[in-house]
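Commentary on secondary and tertiary structure
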Amino acid sequence: MIERPRARRYPFAASIDLVDMTSEIETREQTTDLSVFGCQVTAQKTLIAGTKVRLRIIHRGAIFAAQGLIVSVRRSTMGVVFSKMEQKDQAVLEKWLAEARDTHERTTRAR
């Protein structure tokens with residue numbers, strides 16, 4: 001079965017810190033896209049699907065923090081679903097998505 005994203009994903013490159021909530025092992029990776037529900041991450045060492053994580057994305061001086069779940073793993077990428085976040089983090093996510101949407105629309109119109 002192929003998983004389909006529940007919301008529009010936008011290209012989004014930023015550092016992401018992932019902490020396995022069981023082992024407390026932390027890794028720093030890169031996001032490749034972002035949606036209201038989660039993100040895609042390129043990883044040198046992937047975690048297994050079902051791993052609960054704390055995550056922190058740092059982009060242009062702003063920080064988004066949440067709890068999440070690794071829902072898919074393929075080669076060197078992981079799909080992460082956001083499961084819990086504070087209101088202030090929701091606001092940061094919405095701002096980034098608005099910026100990514102605007103950039104995407106400008107790029108699409110320019111073609």
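Summarised in this report is the structure supplied together with it. (Residues numbered from 1 in each chain as written. Predicted model: local features only at pLDDT ≥ 70, side-chain atom pairs only at ≥ 80, totals over all residues. Heavy atoms only, no water.)

Digging into the pairing of strand β7 (residues 77–84)
The condition that has to hold: A pair of strands counts as paired when DSSP detects no fewer than two bridges linking them. Numbering of helices and strands runs from the N terminus, with a helix taken as a DSSP run of H or I at least four residues long and a strand as a DSSP run of E at least two residues long.
Looking at chain direction, strand β4 (residues 38–42) and β7 are connected through five bridges and run antiparallel. The partner of Gln-40 across the bridge, within β7, is Gly-79. Taken together, the seven bridges between strand β6 (residues 62–74) and β7 define a ladder with antiparallel strand orientation. Residue Arg-74 lies in a different strand from β7, and its bridge partner there is Thr-77. Hairpin connection between β6 and β7: a loop of two residues separates the two successive antiparallel strands, and Arg-75 in this loop has a positive phi of roughly 45°.

Description of the pattern of salt bridges
When the charged atoms of two side chains with opposite charge come close together, those side chains can pair. Rules: Each reported salt bridge corresponds to a side-chain nitrogen of Lys or Arg within 4 Å of a carboxyl oxygen of Asp or Glu. Three exposure classes are used, based on accessible area relative to the maximum for each residue type with a 1.4 Å probe and protein chains only: buried under 20%, partly exposed in between, and exposed over 50%.
This model, assessed by the stated rule, comprises seven salt bridges. One salt bridge in this structure joins Arg-60 and Glu-99, with 3.9 Å as the shortest N-O distance. You can see Arg-60 sitting in the loop between β5 (52–59) and β6 and its partner Glu-99 sitting in helix α1 (residues 87–110), a full 39 residues away along the chain. Owing to a relative accessible area of 71%, Arg-60 belongs among the exposed residues under this scheme. Where salt bridges share partners, they join Asp-17, Arg-28 and Arg-56 into one cluster.

Concerning the side chain of Asp-33
Let me state the cut-off plainly: Working rule for contacts: check all heavy atoms of both residues, and any pair within 4.5 Å makes them a contact.
With respect to the secondary-structure elements, Asp-33 resides in strand β3 (residues 26–34). Classification of Asp-33 as buried rests on a relative accessible area of 14%. Not counting residues within four places of it along the chain, the set of residues in contact with Asp-33 comprises Arg-9, Tyr-10, Pro-11, Phe-12, Cys-39 and Gln-40.

Regarding the layout of surface pockets
Empty space left among the atoms is revealed by rolling a probe the size of a water molecule over them. Put simply, the rule is: Lining residues are defined by having an atom within 4 Å of a point belonging to a cavity or pocket. Those points lie on a 1 Å grid over the protein atoms alone, cavities being sets where a 1.4 Å probe fits but cannot get out and pockets being open sets with protein on both sides within 12 Å along at least five of seven lines. Grid points are joined across faces, edges and corners, and a volume is the space filled by probe spheres set on the points.
In this structure, the second largest pocket occupies an estimated 180 Å³ of space. In terms of lining residues, the second largest pocket is bounded by Pro-11, Phe-12, His-59, Arg-60, Trp-96, Glu-99, Ala-100, Thr-103, His-104 and Thr-107. No other element matches the six residues that α1 contributes to the lining of the second largest pocket.

Topic: the packing of aromatic side chains
Two descriptors summarise a pair of aromatic rings, namely the distance from one centre to the other and the angle between the planes of the rings. Heads up, the condition is: Any two rings among Phe, Tyr and Trp, with Trp reduced to its six-membered ring, count as a pair given centres within 6.5 Å; such a pair is stacked if its planes are under 30 degrees apart, edge-to-face if over 60, and tilted if neither.
Inspection of every chain in the model, using the stated rule, returns three aromatic pairs. By way of ring pairs, the aromatic residues Phe-12, Phe-64, Phe-82 and Trp-96 are connected into one cluster.

Looking at unusual backbone geometry
The backbone phi angle of Glu-24 is positive, close to 65°, even though this residue is not glycine. Along the polypeptide, Glu-24 turns up in the loop between β2 (15–20) and β3. Residue Arg-75 is not a glycine yet carries a positive backbone phi of 45°. Mapped onto the secondary structure, Arg-75 falls in the loop between β6 and β7. Note on Arg-75: relative accessible area 84%, which makes it exposed.

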